[in-house]
Amino acid sequence: MNNFSYTTTSTAKEATSARKDNAQSAFIAGGTTLLDLMKLNVEQHPQLVDINMVPFKGISETADGLRIGALERMSDVGENPLIVQQYPAISEALLLSASPQLRNMASIGGNLMQRTRCSYFRDTAFPCNKRNPGSGCPAQTGDNRGLAILGGSTACIATNPGDMAVALVALDAVVLLENSKGKQRRVPLLDFHLLPGTTPQRETVLEPDELIVAVTVPTAAHARKSHYVKVRDRASYAFALVSAAVGLDVQGGQIRSARIAMGSVGTKPWRALEAEKLLVGKPANEASFRAAAVAAVSGAAPREHNRFKVEMVQKTVVRALQEVAV
Amino acid sequence: MDTEPRFFETNGPGTGGVVGQPLNRIDGYDKVTGKARYSAEFPQRGLAYGVLKGSEIAKGRIQSIDATAALKEPGVLAVLTHQNLPKLAKTPNDPEGKKAIGAPMGFLPLTSDVVHYAGQPVALIVADTFERATHAASLVRVQYAVEKPLASYLDPKAEIFNPEKVQDDKTKGYTRRGDARAALAAAPIKHTATYTHAINHHNPMEPGATTAVWEGPDRLTVYESTQGITRTQKSLATMLGLPQEQVRVVTKYLGGGFGCKGASWPHTVLTVQAAKAVNRPVKLALTRQQMFTGMGHREDQTQTLQIGATQEGKLLALVHEKTSTTSPWDNYAEPNSKIINLLYACPTFESSYQLARANVMTSTFTRAPGEAPGSFAIECSMDDLAAQLGIDPLEIRLRNYAEKDPTNGKPWSSKSLKQCYARGAELFGWSKRNPRNGATRDGKYLVGYGMATASYPVHNSQGTARVRLYADGHAVVQSGATDLGTGTYTVMTQVAADTLGITPDKVRFELGDSRLPTAPNSGGSVAGGTVSSSVYVAAQEVWQKLKKLAVADKKSPLYRAKLDDVMVEKNRLVLKSNKQKGEDFMALMKRNDLPDMEGTGNGKYGSGYEAAQAALNADPTKKDEAGEHSMHSFGAHFCEVHVDAELGTVRVTRWVSVHAAGRILNAKTARSQIIGGSIFGIGAALMEETFRDQTFARYTNASLGEYHIPVNADIPDMTVEFIDEHDPYINAMGVKGIGEISMVGVSAAVANAVFHATGKRIRELPITPDKVMGALAV
Ligand SMILES: Cc1cc2nc3c(=O)[nH]c(=O)nc-3n(C[C@H](O)[C@H](O)[C@H](O)COP(=O)(O)OP(=O)(O)OC[C@H]3O[C@@H](n4cnc5c(N)ncnc54)[C@H](O)[C@@H]3O)c2cc1C
Ligand code: SF4
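Computed from a predicted structure; not experimentally measured. (Residues numbered from 1 in each chain as written. Chains lettered and ligands numbered in written order. Predicted model: local features only at pLDDT ≥ 70, side-chain atom pairs only at ≥ 80, totals over all residues. Heavy atoms only, no water.)

### Here we look at the overall build of chain B
Then comes step 1: From N to C terminus, chain B includes 19 helices and 32 strands.
Then comes step 2: Here the C-alpha radius of gyration of chain B, 27 Å, is about what a compact globule of 778 residues would show, namely 28 Å.
Then comes step 3: Each principal axis of the C-alpha atoms in chain B carries an extent, and together these give about 85 × 75 × 50 Å.
Then comes step 4: Taken across its 778 residues, chain B has 64% of its residues classed as buried.
Then comes step 5: Across chain B, every contact between residues at least 6 apart in sequence was considered, and the portion connecting residues at least 24 apart equals 79%.
Then comes step 6: A total accessible area of about 27,500 Å² is found for chain B, and carbon and sulfur atoms account for 50% of it.
Then comes step 7: Of the charged side chains in chain B, 87 are positive and 80 negative; the average position of the first set lies 3 Å away from that of the second. (Helix = DSSP H or I, 4+ residues; strand = E, 2+ residues; numbered from the N terminus. Rg over C-alpha atoms; globule rule 2.2 N^0.38 Å. Buried < 20%, exposed > 50% of the residue type's maximum accessible area, 1.4 Å probe, protein only. Contact = heavy atoms within 4.5 Å. Areas by Shrake-Rupley, 256 points an atom, 1.4 Å probe, with all protein chains shown as cover. Lys, Arg positive; Asp, Glu negative; His and termini not counted. Charge placed at Lys NZ, Arg CZ, Asp CG, Glu CD.)

Have a look at this one:
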């Protein structure tokens, strides 16, 4: 860990300006990702800009859906009655994340920005293209059990490990951003995270002087009937091996609309649009679900130790759909 | 539901009845209030902080170390490397030094430019604060001449060899009893299986930590997180070239150890040298990441076990082979074969060890070293054999019940395994087990029952204790043992209270200091039996002195009584022939103007329980110092699992352990120990695994975030019971020790339950969801 200065800010303008002046500085919210990486020397920042007093708060119902302030805590969002009832997959994903202590600290904005758990990335003794562009990717042939089968490149196969983003991306969430000029823009979460390609160090479309203000999620029948299933090596307090967030709108046994996204299998939260299309108009039964699951993993390129994910995530998608269809 | 702990009746002179009772930990209050000081928490004037910098590479040589930037940082006092570490009288780097130091550590970093393993310390940075030292460590630049490392015995380039001895020269590399190969060839039923065990790390809550204080140019005090005070004292004295008594080692509390604090490790002596170099006290605690390369681990290993049996499932032959990774300087392998040789009646046995050197830190004693992975192999194979022959798993074990120690034909000092089986089966409801595998379902889950046998030897050991009894009715009892957190403070207080006939609140038990009477390493499950026996014998000496005093004291009601006719009853000396006649020790001591009275005692393996109880008068008839008996504790585990039939996740849903381990000193701490060990076993069975990158020979999950140990959600309520067992041969207290047996057989019980649930046998630990799902798909 290096020496750094620490600044508190109480408005978005102050915070984004501070970072505009010094792109090496970092915003700190809960600090549960940032401080870990700084202690590991994976990230070095001369300055931390504390945004916890910036008023990006509130969980509210808007005319067209749900709005969650970026500085709301994972625990508060996960337990919010509106979210529990109307957007259960989001609540489930949050409450299956990390530990209660972490969820009490961690913010929604920080959660979307969390970085991969790829072991090589987190240990500076290893080469890693994401941490040190051009140094190589030992994960391709090394310990890749936890890494991506979808969206990878020869430069990087790191997964986005988060849970909440999977539920959000399934439910068409939009991220609201604001820069140092006070200008706001809305980016669908689907487009917020980037594929690694040849530049795995660039993970999102966020500009250095931009902050995440809030996340919005449209109301929908399939959001009310949504569900998150997480498979992991132990019963709690572990990142997903694979996960699935699904939403279904079924009427008279027929699927009217469907949403499927998968976690810990893609280099970003992985939405399975083709699989969703396959489901529309089909009976809500196991055969339909299985066909959709097969489509969901099309293009999968597993490595030596993560081959199991191809099958496991399909089963997880089917399980999630079955549980929500009943 | 917790089952009520079952108590022993307490025996022996002076026992007031607290031994065996579920007394709360007497150190509990100090621990939860933070008053208890761990080894990195002793304040020192002018204390400086040490931080180790580990090697980025796993093999090669250090070409240069540039500490210029680090030394320029404010507060930095020194950067020690192999170029400027104060010279040691001896290092373990040569066989002679290794022997003299007496530690398994056979290589000391910072004594040459050689890099043997990733994470090996290459510099020790000392600064006035921890943060400054940590930051400075990141500024030290090391240039290496990198060589290609070997990561494990699985590397095709690894050279496999047959060592003459393994495990620090304690176990033979090849053993045989009868002609097992021939017996195997002739056996009507054969079973062969290969098992792999992942690398496991101890991961105690408290990391390795040292506070080194030079009291003078040749007097040292070290606050050390160690399971062995004397061992640390000896090895430091040898390396420093000091008389042993000029090195004081203090360990008041331990936050676990699980074997990794049983040996001496490099950071201790390096911290001592750093304190010398900066002429200030220095403390150093390993980081969690450094705990993965700083204090050993359980090695990666493959075992192949071949069984020959009769149609009825009776064993005829056992042939065991183990191949594992060891370090460039050591021949360490856990002695897996011992339990395989011992557990069942079998006329022939053969075992051999193969090793390959790789660029890894040496492996070491880890939570039931040998017994834990060895029992995984034999107990899974027995389960398979039962399935193959259509015999109930419990029944096949009974058919092979060893009435004598199969390894040497000796009678057991005591063995209550049959009672463990019976009670465990009853508590668990084993009779409800469906004999067919993969046939019990509960919704989306496959349900399985599994069981396994546990055993652990009573290791040869001895220790000493001192008892000082005061005329006002209280006592100070001392022994240089350590308390791993398992309850040594508490149980020794109980033993002292009972043997002196006073209440526990009148006893102060002191441990954890090399100035106290010597005690053995808290390892190999010996502390409970040895230290309690030392305390017991020391208290007897006090009583003996008091008796002599009484019979010679005109004012005593016992004046002129025959020594043989005087006995102890609680806190009183009375006549055997007339128990009304007597007096308590306080009256006797006060009248004689004796403020206190001291006794010392030696607790020994095999010194006999009844003998010691009768030590005051009778000749010891039940001694077994000659080793006519084989001494082991035994137990049985029963496990129910739910396996997700699609996703392959395994959850342990019920657990029963029943053990027989001689006298149980405290029903509560004993139960906790069995629970803790079983949870470790469940961890090894289902999730614990350190990954070593095969190209870089470096761990990739060296943190508690990615190295999974069970969390509460993984563990059901556990039922633990003990069988009353009276062993007259073990030691003065009849205590066999329960440190490690708690984990033996656990991973097999889980694997057997998974087998019963799914019909699939998984022989590669840990049994993670991917493996189960893969097996179910076939
Ligand atoms: C041991 C452990 C286990 C975990 N397990 C899980 C798990 O099972 N599932 C899971 O999903 N997650 C898990 N996490 C990750 C956890 O959810 C994230 O660390 C947390 O959500 C990050 O939020 P934070 O507020 O602490 O972010 P910080 O650490 O404060 O920030 C993280 C990054 O986001 C940036 N940032 C923060 N807020 C904003 C904003 N409003 N706008 C722009 N940039 C911002 C920061 O600059 C920083 O780069 C785990 C973490 C740990 C340490
Ligand atoms: S997968 Fe990505 S993060 Fe992991 S080592 Fe390769 S480049 Fe680095």
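### Examining the overall build of chain A
Then comes step 1: Across its full length, chain A holds 13 helices and 12 strands.
Then comes step 2: Relative to the compact-globule value of 20 Å for 326 residues, chain A shows a C-alpha radius of gyration of 19 Å, a close match.
Then comes step 3: C-alpha extents for chain A along the principal axes are approximately 60 × 50 × 35 Å.
Then comes step 4: Across the 326 residues in chain A, those meeting the buried criterion constitute 60%.
Then comes step 5: Expressed as a percentage of contacts within chain A between residues at least 6 apart in sequence, the contacts between residues at least 24 apart total 63%.
Then comes step 6: Accessible area for chain A stands at about 12,400 Å²; split by element, carbon and sulfur atoms hold 53% of it.
Then comes step 7: Across chain A, the 36 positively charged side chains and the 29 negatively charged ones have centroids separated by 3 Å.

### Some details on the site of ligand 1
Residue and element names in this part refer to chain A.
Then comes step 1: Near ligand 1 lie 31 residues; those nearest to it are Phe-27, Gly-31, Thr-33, Ser-107 and Asp-163.
Then comes step 2: Ser-107 is positioned with one of its side-chain polar atoms (N or O) 2.7 Å from an oxygen atom of ligand 1.
Then comes step 3: In the model, a nitrogen atom of ligand 1 is placed 2.8 Å from a nitrogen or oxygen of the Ile-212 main chain.
Then comes step 4: Secondary-structure elements contributing two or more residues to the shell around ligand 1 are strand S2 (26-28), helix H2 (34-39), helix H7 (108-113) and strand S8 (211-218).
Then comes step 5: At 4 residues, H7 tops the list of elements feeding residues into the shell around ligand 1.
Then comes step 6: Of the residues that constitute the shell around ligand 1, the class distribution is 17 nonpolar, 11 polar and 3 charged. (Near = heavy atom within 4 Å. Polar contact = N/O pair within 3.5 Å; in protein donor to acceptor, adjacent residues only side chain to side chain. Nonpolar A, V, L, I, M, F, W, Y, C, P; charged D, E, K, R; others polar.)

### A short note on helix H1 (residues 12-21) of chain A
All names here are of chain A.
Then comes step 1: Buried within H1 we find Ala-12, Ala-15, Thr-16, Ala-18 and Arg-19. In a view along the axis of H1, the buried residues occupy a sector of 155 degrees, so they form one face of it. Across H1 from its buried face, at more than 90 degrees, point the exposed residues Lys-20 and Asp-21.
Then comes step 2: On its buried face, H1 sits against S2, strand S3 (47-50), strand S6 (174-178) and S8. (Arc of directions from axis to C-beta.)

### What to know about the packing of aromatic side chains
What describes a pair of aromatic rings is the distance from one ring centre to the other and the angle between the planes of the rings.
Residue and element names in this part refer to chain B.
Then comes step 1: In total, this model carries 18 aromatic pairs over all chains according to the counting rule given.
Then comes step 2: With a centroid separation of 6.2 Å and 75 degrees between ring planes, the pair formed by Tyr-332 and Phe-365 is classed as edge-to-face. A residue pair is termed long-range when its members are at least 10 positions apart, and Tyr-332 in the loop between strand S17 (315-326) and helix H9 (337-342) and Phe-365 in the loop between strand S18 (349-357) and helix H10 (371-389) qualify at 33 residues. Phe-365 shares its class with Tyr-332; the two are buried.
Then comes step 3: In textbook terms, an aromatic cluster arises when at least three aromatic residues are bridged by ring pairs, as seen for Phe-428, Trp-430, Tyr-449 and Phe-638.
Then comes step 4: It is Arg-367 that lies over the ring of Phe-680; its NZ or CZ is 3.5 Å from the centre. (Phe/Tyr/Trp six-rings, centres within 6.5 Å; stacked < 30°, edge-to-face > 60°. Lys NZ or Arg CZ within 6 Å of the ring centre and 35° of its normal.)

### Comments concerning the environment of B:Asp513
Residue and element names in this part refer to chain B.
Then comes step 1: Locating Asp-513 in the fold gives a position in the loop between strand S23 (507-510) and helix H14 (527-551).
Then comes step 2: Note on Asp-513: relative accessible area 7%, which makes it buried.
Then comes step 3: Expressed as a C-alpha distance, the spacing of Asp-513 and Ala-481, which sit 32 residues apart in the sequence, is 7.7 Å.
Then comes step 4: With residues near it in sequence (within four places) discarded, Asp-513 still touches Ile-229, Arg-248, Val-249, Val-250, Lys-252 and Gly-480.
Then comes step 5: Within the structure, Asp-513 has its side chain in polar contact with the side chain of Arg-248 (distance 2.5 Å).
Then comes step 6: Looking at Asp-513, its side chain comes within polar contact range of the main-chain nitrogen of Arg-515, at 2.9 Å.

### Let's talk about the pairing of S18(B)
All names here are of chain B.
Then comes step 1: Judged by how many residues are buried, S18 sits mostly within the fold: 8 of 9 residues are covered.
Then comes step 2: As paired strands, strand S7 (residues 160-161) and S18 are joined by 2 bridges and run antiparallel to one another. When the sheet's bridge partners are listed, Phe-161 is paired in S18 with Leu-355.
Then comes step 3: Across 4 bridges, the pairing between strand S10 (residues 174-177) and S18 is antiparallel. When the sheet's bridge partners are listed, Thr-175 is paired in S18 with Ser-351.
Then comes step 4: Relative to S18, S17 runs parallel, the two being bridged by 9 bridges. Across the sheet, the residue bridging to Glu-321 is Ser-352, located in S18.
Then comes step 5: Chirality of the crossover, the property in question, places the unit of S17, H9 and S18 among those that are right-handed. (Pairing = 2+ DSSP bridges. Right-handed = clockwise from strand over helix to strand, strands pointing away.)

### A short note on the interface of chain A and chain B
Note: interface size is frequently given as the accessible area lost on complex formation between the parts.
Then comes step 1: Contacts between chain A and chain B engage 33 residues on the former and 31 residues on the latter.
Then comes step 2: Across the interface of chain A and chain B, roughly 2,800 Å² is buried in total on both sides, 56% from carbon and sulfur atoms.
Then comes step 3: Seen at the junction of chain A and chain B, the total is 6 salt bridges.
Then comes step 4: One salt bridge connects B:Lys444 with A:Glu323, and the closest N-O pair in it is separated by 3.2 Å.
Then comes step 5: With 7 residues, the single largest contributor to the side of chain A that touches chain B is helix H13 (residues 308-325) of chain A.
Then comes step 6: In the side of chain A that touches chain B, the residues fall into 13 nonpolar, 7 polar and 13 charged. (Buried area = accessible area lost by both parts, 1.4 Å probe. Salt bridge = Lys/Arg side-chain N within 4 Å of Asp/Glu carboxyl O.)

### A closer look at helix H5 (residues 88-95) of chain A
Then comes step 1: Taking burial as the measure, the 8 residues of H5(A) include 6 buried ones, the bulk of the element.
Then comes step 2: Of the positions making up H5(A), those classed as buried are A:Pro88, A:Ala89, A:Ile90, A:Ser91, A:Ala93 and A:Leu94.

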